[in-house]
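Understanding the architecture of this molecule
Residues per chain are reported as follows:
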Amino acid sequence: MSALNYFNDTHQMVRATVRKFVEREILPHVDDWEEAGEFPRELYHKAAAAGILGINAPEQYGGTGEDVFMKVAACEELVRCSSGGLCASLGSLDIGLPPVWKWGSDAMKERVIPEVIGGEKISALAITEPNGGSDVANLRTRAVRDGDHYVVNGSKTFITSGVRADYYTVAVRTGDQGYGGISLLLIEKGTPGFTVGRKLKKMGWWASDTAELFFEDCRVPAENLIGPENGGFYCIMSNFQMERLILAVTANSTAQLALDECLRYVKEREAFGRPLAGFQVTRHKLAEMATDIKASTEFTYRVAARIAAGENCVLDVSMAKNVATRCADRVTYDAVQLFGGSGYMRGTIVERLYRDNRILSIGGGTHEIMNEVIAKQMGL
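These remarks concern the structure in this document. The numbering scheme is per chain: residues are counted from 1 as the chain's sequence reads. The predicted origin of the model limits local features to residues at a pLDDT of at least 70 and limits the giving and counting of side-chain atom pairs to 80 or more, whereas totals for whole chains, interfaces and linings rest on all residues. The basis for every side-chain value is the complete set of heavy atoms in the structure, and neither hydrogens nor water enter the calculation.

Details of the overall build of the protein chain
Cut-off, in case you're wondering: Starting at the N terminus, helices and strands are each numbered in turn, a helix being any DSSP run of H or I of at least four residues and a strand any DSSP run of E of at least two. Burial classes follow relative accessibility: with a 1.4 Å probe on protein chains only, a residue under 20% of its type's maximum area counts as buried, one over 50% as exposed, and anything between as partly exposed. Any two residues whose heavy atoms approach within 4.5 Å are treated as being in contact. Note on areas: these come from Shrake-Rupley sampling with a 1.4 Å probe, and a residue is covered only by the protein chains present in the view. Just so you know, the count uses Lys and Arg for positive and Asp and Glu for negative, and it drops His and the chain ends. For the purpose of locating charges, the reference atoms are NZ of Lys, CZ of Arg, CG of Asp and CD of Glu.
When helices and strands are counted, the protein chain shows 14 helices and 10 strands. With the principal axes as the frame, the protein chain shows a C-alpha extent of 80 × 45 × 40 Å. Within the protein chain, buried positions represent 55% of all 380 residues. Residue pairs at least 24 apart in sequence account for 74% of intrachain contacts in the protein chain once pairs closer than 6 positions are excluded. Split by element, the accessible area of the protein chain, about 17100 Å² in all, is 52% carbon and sulfur. Charged side chains of the protein chain number 42 positive and 48 negative; the gap between the two group centres comes to 4 Å.

Okay, here's the thing in structure tokens:
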């Protein structure tokens, strides 16, 4: 199956819509937003109006319905805005909202989903804690049942859209130690005892607001439980499959954008009396970059096709994420090298891609955790 067969006419229409949205609403402002460290909240409304936020969400709540390759196409085009942080924050609903539509109560779904995909409210996922990132099974934020409420104490960190979100899908410990004692709660901004800490400064993803969250005797209605009590670990793990696929797509798209910038630059930049493209070492480097991207992209598409078919792809999606992020690491590194001093300057697209790319092999499960998942799936 070729890449042409993965995307139908509807997917290509969505691709064209997102491309126009990026060209019209993001590219003219992206450099300013990067320097400002945020983008206007109004962009959520515009993305919703263009139908972007509802992609892959349930139809009964205003979404497109589940369509993996529609999501892949939209992601590929959004990445072309060149700001990984903007993509991450605009897309934080993709990790915060699925547990709601899969396991939330009907009342929760009817209230939350239309507001988020309509751009009125922002959704975030809150799992990572100060004392543990990938060690989800040992998280410490505690929720104790008290009548018709849970009383939550603890903290979270590195939360994408953490400053501006309205709805937080929060992993808490309601039972014993280990994965069997974890639950998910929907906690709303403004809930007494819940405070948002400082906006964190990062190496990359500048346009993404990332924050610490604090819970001190925070009383959350018991009806805000997502899924069964002590069944949250399964919900989290099932959410990871799609998250890791999109991270792989993002890595491949980042690499492709870096390559595109290089192809343009080497034809324009001259050294020793001829364009950089006139040197064999340059051509071969670009050929290797293109080969890596093609191989990684085709593998990612194949894994996406299996996910779309309903297969369990824990092994392959973990491999795809590692292959894609390794590819993007190499390509963005080589892109800066090809640009030379210009590639080290702020405002150059390859400079931004290089630092934004670094998080992709960390977020959603580190490269090392992916290898552990792979090894376990191999029976080791």
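Remarks on the pattern of salt bridges
For clarity, the cut-off: Basic side-chain nitrogens of Lys or Arg form a salt bridge, by our definition, when they fall within 4 Å of a carboxyl oxygen of Asp or Glu.
Following the criterion strictly, the structure yields 27 salt bridges and no others. A salt bridge links arginine 355 to glutamate 34; the shortest N-O distance between them is 3.7 Å. Separated by 321 residues along the polypeptide, arginine 355 in helix H13 (residues 349–357) and glutamate 34 in helix H3 (residues 30–36) bring together distant segments of the chain. Grouping residues by exposure puts arginine 355 and glutamate 34 together as buried. Aspartate 166 serves as the salt-bridge partner of arginine 41, at 2.5 Å between the closest nitrogen and oxygen. Linking arginine 41 in the loop between H3 and helix H4 (42–49) with aspartate 166 in the loop between strand S3 (149–160) and strand S4 (167–173), this pair joins segments that are 125 residues apart in sequence. Put simply, Asp31, Glu34, Glu351, Arg352, Arg355 and Asp356 are held in one network by salt bridges that share partners.

Notes on helix H2 (residues 9–26)
Each α-helix winds once per 3.6 residues, and so residues spaced three or four apart point in a common direction. Definition in use: A helix is expected to span 1.5 Å multiplied by its residue count minus one. Here the arc refers to the set of directions running from the helix axis out to each C-beta atom. Counted as a polar contact is a pair of N or O atoms within 3.5 Å, where, for protein atoms, one must be capable of donating a hydrogen and the other of accepting one, and residues adjacent in sequence contribute only when both atoms are in side chains.
Between its terminal C-alpha atoms H2 stretches 25 Å, which fits the 26 Å expected from 18 residues at 1.5 Å a residue. Considered for burial, the residues of H2 that qualify are His11, Val14, Arg15, Val18, Phe21, Val22, Glu25 and Ile26. The buried residues of H2 occupy one face: seen down the axis, they fall within an arc of 130°. Opposite its buried face, H2 presents the exposed residues Asp9, Met13 and Lys20, each directed more than 90 degrees away. For H2, the N-terminal cap is asparagine 8; the gap from its side-chain oxygen to the backbone nitrogen of threonine 10 is 3.0 Å.

Some remarks on H13
When you tally the buried positions in H13, you get seven out of nine residues, the bulk of the element. Of the positions making up H13, those classed as buried are Val350, Glu351, Arg352, Leu353, Arg355, Asp356 and Asn357. Where H13 is buried, its residues contact H3, helix H6 (84–90), helix H10 (232–268) and helix H12 (314–339).

Looking at the state of the cysteines
So the rule is basically this: Defined by distance alone, a disulfide is two cysteine sulfur atoms within 2.5 Å.
Throughout the structure, instances matching the rule amount to zero disulfides. Cysteine cysteine 81 remains unbridged, with the sulfur of cysteine 87 as its closest cysteine sulfur at 3.9 Å. Looking at cysteine 87, the relative accessible area reads 18%, which means it is buried.

Concerning the packing of H12 against helix H14 (residues 367–377)
Heads up, the rule is: For helices, the fitted axis covers only the stretch in contact; all axes are lines through C-alpha atoms, and the angles between them, taken along N-to-C directions, range from 0 to 180 degrees. Crossing handedness is defined as follows: a turn of the near helix away from the far one that is anticlockwise and smaller than a right angle gives a left-handed crossing, while the clockwise case is right-handed. Residue polarity follows a fixed list, in which Ala, Val, Leu, Ile, Met, Phe, Trp, Tyr, Cys and Pro are nonpolar, Asp, Glu, Lys and Arg are charged, and the others, Gly among them, are polar.
Two numbers describe how H12 lies on H14: the axes approach to 9 Å, and their chain directions differ by 145°. At the point where H12 passes H14, the crossing takes the left-handed sense. Side by side, H12 and H14 meet where Val314, Leu315, Ser318, Met319, Lys321, Asn322, Thr325 and Arg326 of the first sit next to His367, Met370, Asn371, Val373, Ile374 and Gln377 of the second. Residues of the contact of H12 with H14, tallied by class, amount to six nonpolar, six polar and two charged.

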